[in-house]
Number of protein chains: 2
Amino acid sequence: MGSDRDVHDTEVSSRRRFLGKSAALGLAGAGVLAGCKENGAGAAASSSASAAAKSHSGSKVHVEPGQLDDYYLFSSGGHSGEARIIGIPSGRELRRIPVFNIDPMVGWGITNESKAILGTKADGSLKYTTGDTHHVHGSYKDGTYDGRYLWVNDKIHSRLARIRMDTMECDKITELPNVQGFHGIFPDKCDPVDKSINHTTRVFCGAEFAIPFPNDGRDLDDPSKWGSLFTCVDAETMAVRWQVRVDGNMDLTATSYDGRFACSNQYNTENAPDQAGMMSAERDACVFFDVARVEAMVKAGKFTTIGSSKVPVVDGRKAANADPKTAVTCYVPVGKNPHGVNASPDGKYMVCSGKLSPTATVIEVALVAKWFDGELKTERDAVVAEPEIGLGPLHTAFDGKGNAFTTLFLDSQIVKWNVAAAIAQFKGDKSAKPVVDRVDVHYQPGHGYASMGETKEADGKYFNSGNKFSKDRFLPVGPLHSETEQLIDITGDKMVIVSDHTAYPEPHDAIIVRRDIVKTRQIYNLDDFPNKVTAENAGITRNGNKVHVRLMSQAPAFSLPVIKVKKGDEVTITLTNHDKVEDLTHGCAIPTYNVNFIVNPQETKSVTFKADHAGAFWLYCTHFCHALHLEMRSRFLVEG
Amino acid sequence: MGSDRDVHDTEVSSRRRFLGKSAALGLAGAGVLAGCKENGAGAAASSSASAAAKSHSGSKVHVEPGQLDDYYLFSSGGHSGEARIIGIPSGRELRRIPVFNIDPMVGWGITNESKAILGTKADGSLKYTTGDTHHVHGSYKDGTYDGRYLWVNDKIHSRLARIRMDTMECDKITELPNVQGFHGIFPDKCDPVDKSINHTTRVFCGAEFAIPFPNDGRDLDDPSKWGSLFTCVDAETMAVRWQVRVDGNMDLTATSYDGRFACSNQYNTENAPDQAGMMSAERDACVFFDVARVEAMVKAGKFTTIGSSKVPVVDGRKAANADPKTAVTCYVPVGKNPHGVNASPDGKYMVCSGKLSPTATVIEVALVAKWFDGELKTERDAVVAEPEIGLGPLHTAFDGKGNAFTTLFLDSQIVKWNVAAAIAQFKGDKSAKPVVDRVDVHYQPGHGYASMGETKEADGKYFNSGNKFSKDRFLPVGPLHSETEQLIDITGDKMVIVSDHTAYPEPHDAIIVRRDIVKTRQIYNLDDFPNKVTAENAGITRNGNKVHVRLMSQAPAFSLPVIKVKKGDEVTITLTNHDKVEDLTHGCAIPTYNVNFIVNPQETKSVTFKADHAGAFWLYCTHFCHALHLEMRSRFLVEG
């Protein structure tokens, strides 16, 4: 099916053509949505004209040459396994951060240093070469970002990675034991007991998939025995501190500003192994964890362990937590198959989206605390609003002015709604109208997030809609499409789409951080690297068949013009870049030997390989550095 | 060295601060440039004020939401090993094309199909996981792009890859024998003998590094015996057709519009193994290959072979080609250490830049033909102009109106000069002034290329300056900087910088192609895949310990809810995506087993792995596809 489609299609006509298909798509195999069908189709059709009127004036967000962006957007990269830094409002990709993927450009997964972070098998090869990053969140202090760390998770292999924000590089990766489908993460913002520790010390991790405990081949045919764990990782050491076993599974994660609670929205509270079973219940839940109580249980030895893991596992299932006053978990019923929970910047509410219910559920954090104190009749009484906002609500962001912005996957819209109005309506005020505005997005948004929206400093400037389908929004590039990231100006009453940015699939979630918060270093410190090469130790040393080549780079030359080894040697090359000029990065590649990495100014990296091919191989600089960059090369000679 | 630099620096002040450093950088260790120092520094300083005036009005290139770009930019990705598609003028990355790198997102280097293209070792693991892409060029017909193929090279492992433009995926990779430092490529535009074959049938490849022949450990200490080969690859079969041994090395490659010549600029005509020796001669050269004569030599059996390679190697060294009438090569002397050769759109000239000489050398193709016909006294007589244009000239592009645009690495400028004026000046017209305009770029440009500039349809709309240093042009992101791609409007007399785009290091070269030329398909054809899975063959079959799982995806489910195998089995999963809706891609990941790939609409892919861990593993969809995407998963059970 070669395509000769007319690239001059107008926006409106192509949107209509698409929605015809998407209605079928959204509803296929999901009979549960049938009741909403008419409403959904009507809403989409009626709003497409207004959307055309609202998409304009992008020129005001064009960042002129030489000007800087106002915000950093830190994004996950989905099954690319990486994280990304984007400038906002320009949408320019400022940097990729390899995390769970191999990246020849920087030598990630190739250098000894990165292999130590990624983890290797007994033969020295990488344990995993793929990952599926979902959520990026930053470390907090006083309820806002402190610019120290970012965390990002891998859903495939249940790993949590940390990125240090001064260099924007991954420095630690932790694999969670007895967890599969690790989806949501969130750092805490305050210690639950000691309020003077008002910065991030823990990262919470929610897991989707139930598995046997331990997962060694037992109970394969009896999924009723399988379970899911909620995990707490230490923000500094990155060690796993504890886990809580829950009923159902978990999806996104959020934390309260006062440090008392972590929570996770739950689809499949039915614990079903198949799709039909996952949608059989009337409601699902948002499960709250009382962090201090969990840690008291651990301290008191009231835990078990699973298989060879030594991590304490506390029982957070409903049956073991019937008494609110001693419970570690509280399951608040919310709309069906929710996908997303987000904390409002005033610290008062958690908002859970319905996905298969056209509602968002507003839970008051203080009422959850009351439940744990035994002062609330039922968990559901913590719900203070549940406005109908549209079809397929997924994620909610906030402007810091009392408004919430929720992505509607099925309606392909962003809906702006007022939290106070929703609460009033829930209390019975029939004049209250929560929905303030709607805008069509293109197409089918997943995550949405606002500038500083997950902090107390939410500033109501931009909302980014991470759309899962781009269809005809960009020049065609074959069957694999880019995602559409639509930047929306939310400063006024009406939302205005100001840019369509592209993204290599698939950034799930991101945060938008004010630029003054981020303080990077532009060159390394030579002494940060214990294996640094200097004039004193540079050269070639041999110990049996192990050869260590200590090399320096300074534009436009490597310190050794000739490196000679013998076939069969185990060769380690350690390279220190002695250039001190910002941006003066060198590269190092060796043909046949699959060596390829860079050294930034004052950085040291190393590779180890077996010299198993005799011959002459030109070690060359891969990163344009100087007028004589092409001439920057040394002869790596392997004697047969 | 933590940085708290003020991100509000003005453009002019930051440029001045940088140039102070860059002067030292550009000249460090390169005494040959000392004579030009004063001129260079003066030129840069005097033009920085005008540059500020010329950088503006970017808003007119902002592509409004819902609007499409005018051009495709196809770019190499340097040591990332990939190729990229960018929209112009927006600068949006429309797609990455994995070529020599592993890309978990699409499963490149992970699926059986991509491993077969990349090449594997005896144990089934990839032969190489890194690459260093330099040049992207498209297939031609009638002197312009026909939209069929792109080619891109790997400098590290001497490979040429082809990308089919209907799906924008790499379909073949060829490793060149006895070649190292494979730098430049260019497709031919016409057959040298049969003018009715006016489309691309050959791709020419220039190699930088001299190596022993064969490279098996011999002659390690005698670089005078080493050599470089120019290679011709068949555009359809991707088999290596022939090679020519040359004196010196080669860098960039170009072809004449009439099909008679391929050529390559040469630095290090001295054949020196060290940097000082590479700069000792007065001039270097541009070597021209008479393609028909080379092929006649091959046909006549006048060739040798090297080592185990069966590829015919013709002797193109000067000593063997003293008689122009039988020569296969012509070495035209040009400015010192040139880095770049480009054909003018009128088919008349090749322009070689000097790099260490402040000149560009204009070679008339008809005069080179005269030399081969024995009608020109010396090779140097083919030179018709050599204007002084600035410091560190690298690459030249054309507007189709008689003007050339050359990147000046040391001056950090683009210089616009008129070819006819340069020829007149060379002939002695002292009133002729070749240089028309200069604009500062930020900073230190490598490749530059114009819209349709390498075709007869050069349209003089845009020039892209691929700058190797970005310094302070973007928000700081740590020691590793983005590159700056500056888009310049060249429609008027004066160049105007309209956008600063970012690029993950490091796109060397690119082409800018009118959008109507590119015809992609948006879904695959099920029958393109011999191993497709349909309702007829779907299911699990076992042959000894080999298990074949034939799976189908259709939103929101895989065809098998449970897949059961035994520990120790060799499992192949073949997955066909039966969704037909454009952009409805599914993913397939399996925890612990490092499986991660996608299937686009109607596509089939497969993976093979050993089931060496007992347990329950959720095979899940990684590519957001449907409201019930999270619920789209199957149980992969491995019995212990």
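It should be emphasised that the depicted structure is a prediction, and the values quoted were computed from it without experimental measurement.

Turning our attention to the environment of Ile363 of chain B. Residue and element names in this part refer to chain B. With respect to the secondary-structure elements, Ile363 resides in strand E19 (residues 360-364). Between the C-alpha atom of Ile363 and that of Val384, which follows or precedes it by 21 residues, the distance is 5.8 Å. Those residues within four positions of Ile363 in sequence are excluded, and the remaining contacts are Cys286, Phe288, Val332, Val334, Lys348, Tyr349, Met350, Val368, Ala382 and Val383.

Across the contact, 157 residues belong to chain A and 157 residues belong to chain B. Here chain A meets chain B over a buried area of about 14000 Å², counting both sides, of which 58% is carbon and sulfur. Of all residues in chain A, Pro479, Tyr504 and Phe624 of chain A give up the largest surface area on contact with chain B, accounting jointly for 6% of the area buried on that side. Counting the contacts that link chain A with chain B gives 8 salt bridges. Between Lys355 of chain B and Glu631 of chain A there is a salt bridge, and its shortest N-O distance comes to 3.0 Å.

Quick look at the UniProt feature "domain: Cytochrome oxidase subunit II copper A binding" (unreviewed entry) in chain A now. Taking the numbering used here, the UniProt-annotated feature "domain: Cytochrome oxidase subunit II copper A binding" (unreviewed entry) corresponds to residues 508-640 of chain A. End C-alpha to end C-alpha, residues 508-640 of chain A measures 51 Å, and it is 0% helix and 48% strand.

Taken as a whole and assessed by the stated rule, the structure comprises 42 aromatic pairs over all chains. A ring pair is formed by Phe204 of chain A and Phe230 of chain A, whose centres lie 5.8 Å apart and whose planes are at 15°; its orientation type is stacked. Highlighted residues: Phe204 of chain A in strand E9 (residues 202-209) and Phe230 of chain A in strand E10 (residues 228-234), separated in sequence by 26 residues. When the ring of Tyr593 of chain B is compared with that of Phe609 of chain B, the centres are 5.1 Å apart and the planes differ by 40°; the resulting orientation is tilted. Pair noted here: Tyr593 of chain B is in the loop between strand E35 (586-590) and strand E36 (595-599) and Phe609 of chain B is in strand E37 (residues 604-610), with a separation of 16 residues, a long-range link.

This part takes up the nonpolar core. As a rule of thumb, nonpolar side chains are buried together in soluble globular proteins. Residues Phe74 and Phe636 of chain A together with Phe74 and Phe636 of chain B are the most contacted members of the largest nonpolar core, which totals 150 residues. If sequence neighbours within four positions are ignored, Phe636 of chain A has contacts with Ile563, Val565, Val571, Ile590, Tyr593, Phe609, Gly615, Ala616 and Phe617 of chain A.

Below, the discussion takes up the pattern of salt bridges. One pass over the structure, following the stated rule, counts 78 salt bridges over all chains. Here Asp315 of chain B and Arg317 of chain B are joined by a salt bridge, their closest N and O atoms 3.2 Å apart. Connected via shared salt-bridge partners are Glu82, Arg84, Glu93 and Arg96 of chain A together with Glu82, Arg84, Glu93 and Arg96 of chain B.

What follows is about helix H4 (residues 291-299) of chain B. Taken together, the buried positions of H4 of chain B are Val291, Arg293, Val294, Glu295 and Val298 of chain B. Following H4 of chain B by one or two positions, Gly301 of chain B has its phi on the positive side, about 75°.

Residues and elements named next belong to chain B. With 5 of its 5 residues buried, E35 lies for the most part within the structure. Residue alternation in E35 divides its side chains into two sets, His586, Cys588 and Ile590 and Gly587 and Ala589, and both sets are buried. Both E35 and E36 contribute to a ladder of 5 bridges, which runs antiparallel. Bridging across to E36, His586 finds its partner in Val599. Joining the antiparallel neighbours E35 and E36 is a turn of 4 residues, in which Thr592 adopts a positive phi near 70°.

In this section: the sheet that holds strand E20 (residues 383-385) of chain B. Sheet strands pair by backbone hydrogen bonding; their relative direction is either parallel or antiparallel. Residue and element names in this part refer to chain B. Spatially, the 4 strands line up as an open sheet ordered E17-E18-E19-E20, and their pairing is antiparallel. Edge strands, defined here as strands with exactly one partner in the open sheet, are strand E17 (341-343) and E20. Taken over all neighbouring pairs, the strand axes of this sheet differ in orientation by 35° on average, direction set aside. Together, strand E18 (349-353), E19 and E20 form the strand contacts of helix H5 (residues 365-372), whose direction differs from that of E19 by roughly 60°. Most of the contacts of helix H6 (residues 419-427) go to E20, to which it runs at about 105°, and overall it touches E18, E19 and E20.

Mapped onto the elements, Thr167 of chain A comes out in the loop between strand E6 (159-164) and strand E7 (169-175). Relative accessible area serves as the criterion here: at 1%, Thr167 of chain A is assigned to the buried category. Looking at Thr167 of chain A, its side chain comes within polar contact range of the side chain of Arg164 of chain A, at 3.4 Å. If sequence neighbours within four positions are ignored, Thr167 of chain A has contacts with Arg95, Arg521 and Tyr524 of chain A together with Val477, Gly478 and Pro479 of chain B.

Our focus in this paragraph is the relation of the copies chain A and chain B. Of the transformation superimposing chain A on chain B, the axial component is 0.0 Å and the angular component is 180°, with the fit at an RMSD of 0.0 Å. Viewed as a symmetry operation, the transformation between the two copies matches a two-fold axis. Residue by residue, 100% of the interface of chain A is reproduced at the interface of chain B, so both copies engage with the same surface.

Cut-offs and rules
- Residues numbered from 1 in each chain as written.
- Chains lettered and ligands numbered in written order.
- Predicted model: local features only at pLDDT ≥ 70, side-chain atom pairs only at ≥ 80, totals over all residues.
- Heavy atoms only, no water.
- Helix = DSSP H or I, 4+ residues; strand = E, 2+ residues; numbered from the N terminus.
- Contact = heavy atoms within 4.5 Å.
- Buried area = accessible area lost by both parts, 1.4 Å probe.
- Salt bridge = Lys/Arg side-chain N within 4 Å of Asp/Glu carboxyl O.
- UniProt positions renumbered as here; feature names shortened; annotations may be inferred.
- Phe/Tyr/Trp six-rings, centres within 6.5 Å; stacked < 30°, edge-to-face > 60°.
- Core = buried A, V, L, I, M, F, W, Y, C linked by side-chain atoms within 4.5 Å.
- Buried < 20%, exposed > 50% of the residue type's maximum accessible area, 1.4 Å probe, protein only.
- Pairing = 2+ DSSP bridges.
- Axes fitted to C-alpha atoms, helices over the stretch in contact; angles between N-to-C directions.
- Polar contact = N/O pair within 3.5 Å; in protein donor to acceptor, adjacent residues only side chain to side chain.
- Least-squares fit on C-alpha atoms with pLDDT ≥ 70 in both.

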